[in-house]
Amino acid sequence: MTTKQLDAQYIMPTYARFDLEIVRGSGAELYDNEGKRYIDLGSGIAVNTFGAADPDWVSAVTEQAGKLAHISNLYYTGPCAELAAALCERTGMKKVFFSNSGAESNECMIKGARRHALLHRGEGHSTIITLRQSFHGRTVTTLAATGQDHFHTEFGPFTEGFVYATAGDLDEMKALVAEHEPAGIMIELVQGEGGVIALDPDYVCALRKLCDETGTLLLIDEVQTGNGRTGSLYAWQSYGITPDIFSTAKGLAGGLPLGATLFSEKTEDALIAGTHGSTFGGNPICCAGALSVIRRLDDEFLAGVRARAEYIRQELSGAKGVADISGLGLMIGIEPEGKTAKEIIAACMEKGVLVLSAKSRVRLLPPLNIDEKLLAEAIGILKEVLAQ
Ligand SMILES: Cc1ncc(COP(=O)(O)O)c(C=O)c1O
């Protein structure tokens, strides 16, 4: 049986897969089972930070695999401690909890915020305000946190204690904070699944101020925006604010499953022994991969991310078939004119370029170090498809 036939017979059909089997890759070049080459502008949905089979990342991961793959959180392990130290040094945060995915890193952020509120403000502050059009994960709690009604069907009852505000409407947020006295306000700085929409910096600064004035925690979901994707290590670093807790995953370990939730000085007491845990969280192989990623995302590298982003924006602004460009850094949304995102994805795939969608937009999330010639080739093809 072919992979496609096995998949159809044995995999729970939760994914509408493209008719494409990718078998290997090198950087931003991927190859299917018939040897056709594709230029990857999706990075496995913002996961493959340096594309496929990056030699330095492979050697960091395989070296650790040859020493110790797993031992549980009952014992100390070097890669986990070293990664936590590197993340804290680069962000000013004080403590890290490691998990395996974006949803779990958000679960930890929610638990931490609620416990912090209970410790410091007493009962009655468990609500978390999130934004409409947000996406925070697929567990029963992170679906509840996700501010899109269509995610709130079929799987109820959902976790209580989430209310939703419209991004950019500060008056509404102030009224909701006054009414609910929440533990926290939880936001993505660029709503990824919600259509690649960056929040307005003035609104974000006003939320920070509102949180400070009301004792509310500012919680930032950097699952997709984090780890260099937007041109700074974490997007909040370019917004001029500091979160009280932030979560990340996706690109952190460059292709392996790793989530992290980072706590500031104010919230570092939020969790203590016995309040949270994870069997695989902080796995030595994933942490060794992540350490190699974080060490490489220095100022020079991040300037390269911003330069590539600028190049794409310049190429696409005003191009035929482009109604609007959104996003930040190498997290780019293109509102097409005259064609659907689905049609553009299919036409690009035919011509050997892989792009994604988010709502009505074509979404680009290329490897952060994509070779400039390959990028030019892929953008040329995308422009051709958009213009047709
Ligand atoms: C902002 C954001 N939060 C959370 C998640 C959930 O991450 P995961 O699929 O790793 O659980 C995603 C995934 O797309 C995301 O984009």
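Residues numbered from 1 in each chain as written. Predicted model: local features only at pLDDT ≥ 70, side-chain atom pairs only at ≥ 80, totals over all residues.

Q: Hey, could you run me through the overall build of the chain in this one?
A: Per the secondary structure count, the chain includes 13 helices and 17 strands. For the chain, whose C-alpha radius of gyration is 21 Å, the value lies close to the compact-globule estimate of 21 Å for 388 residues. Taken over the C-alpha atoms alone, the chain extends approximately 60 × 50 × 45 Å along its principal axes. For the chain, the residues scored as buried account for 48% of the 388 residues in total. The long-range share in the chain, meaning contacts at least 24 apart out of those at least 6 apart in sequence, stands at 72%. (Helix = DSSP H or I, 4+ residues; strand = E, 2+ residues; numbered from the N terminus. Rg over C-alpha atoms; globule rule 2.2 N^0.38 Å. Buried ≥ 20, exposed ≤ 12 C-beta atoms within 10 Å, placed from the backbone. Contact = placed C-beta atoms within 7 Å.)

Q: Looking at this structure, how should I read the site of the ligand?
A: Around the ligand, the surrounding shell holds 14 residues, and the nearest of these are Ser101, Gly102, Ala103, Val223 and Gln224. Per-element tally for the shell around the ligand: the top contributor is helix H5 (residues 102–121), with 3 residues. In terms of residue class, the shell around the ligand is made up of 4 nonpolar, 7 polar and 3 charged. (Near = placed C-beta within 6 Å. Nonpolar A, V, L, I, M, F, W, Y, C, P; charged D, E, K, R; others polar.)

Q: Hey, could you run me through the sheet that holds strand E17 (residues 361–364) in this one?
A: Each strand in a sheet pairs with its neighbour through backbone hydrogen bonds, running either in the same direction (parallel) or in the opposite one (antiparallel). The strand order E13-E14-E17-E16 describes an open sheet built from 4 strands, whose pairing is antiparallel. Both edges of this open sheet fall to strand E13 (322–328) and strand E16 (356–358), since each of them pairs with a single strand only. Across the sheet, the axes of successive neighbouring strands diverge by a mean angle of 30 degrees, strand direction being ignored. Inspection of the sheet shows E16 paired to E17 by 3 bridges, in the antiparallel sense. Paired with Ser357 across the two strands is Val362, which belongs to E17. Against the sheet, helix H11 (residues 299–316) contacts E13, strand E14 (331–336) and E17, and its axis sits at roughly 165 degrees relative to E13. (Pairing = 2+ DSSP bridges. Axes fitted to C-alpha atoms, helices over the stretch in contact; angles between N-to-C directions.)

Q: I'm lost on the pairing of strand E10 (residues 217–222) in this one. Help?
A: Remember that side chains alternate between the two faces of the sheet whenever the strand is regular. Among the 6 residues in E10, 6 count as buried, and that is most of the element. Pairing of E10 with strand E11 (residues 245–248), which is carried by 4 bridges, proceeds in the parallel orientation. Looking at the pairing, Asp221 lines up with Ser247 of E11.

Q: So what exactly am I meant to see when it comes to the domain arrangement of the chain here?
A: By a widespread convention, an interface's size corresponds to the accessible area lost as its parts come together. Each assigned domain of the chain is listed here: domain 1 (3–53 + 300–387) and domain 2 (68–296). For domain 1 and domain 2, the distance between their C-alpha centroids amounts to 26 Å. Across the boundary between the two partners, domain 1 contributes 24 residues, which contact 24 residues of domain 2. Contributions of two or more residues to the side of domain 1 that touches domain 2 are made by helix H2 (43–46), H11, E13, E14 and E17. For the side of domain 1 that touches domain 2, the leading source of residues is H11, giving 5 residues. In terms of residue class, the side of domain 1 that touches domain 2 is made up of 13 nonpolar, 7 polar and 4 charged. (Domains from an automatic or database assignment.)

Q: Would you mind going over the pairing of E13 with me for this structure?
A: Pairing of E13 with E14, which is carried by 6 bridges, proceeds in the antiparallel orientation. The partner of Asp324 across the bridge, within E14, is Glu335. What sits between the antiparallel neighbours E13 and E14 is a turn of 2 residues, in which Gly329 has the positive phi angle 60 degrees.

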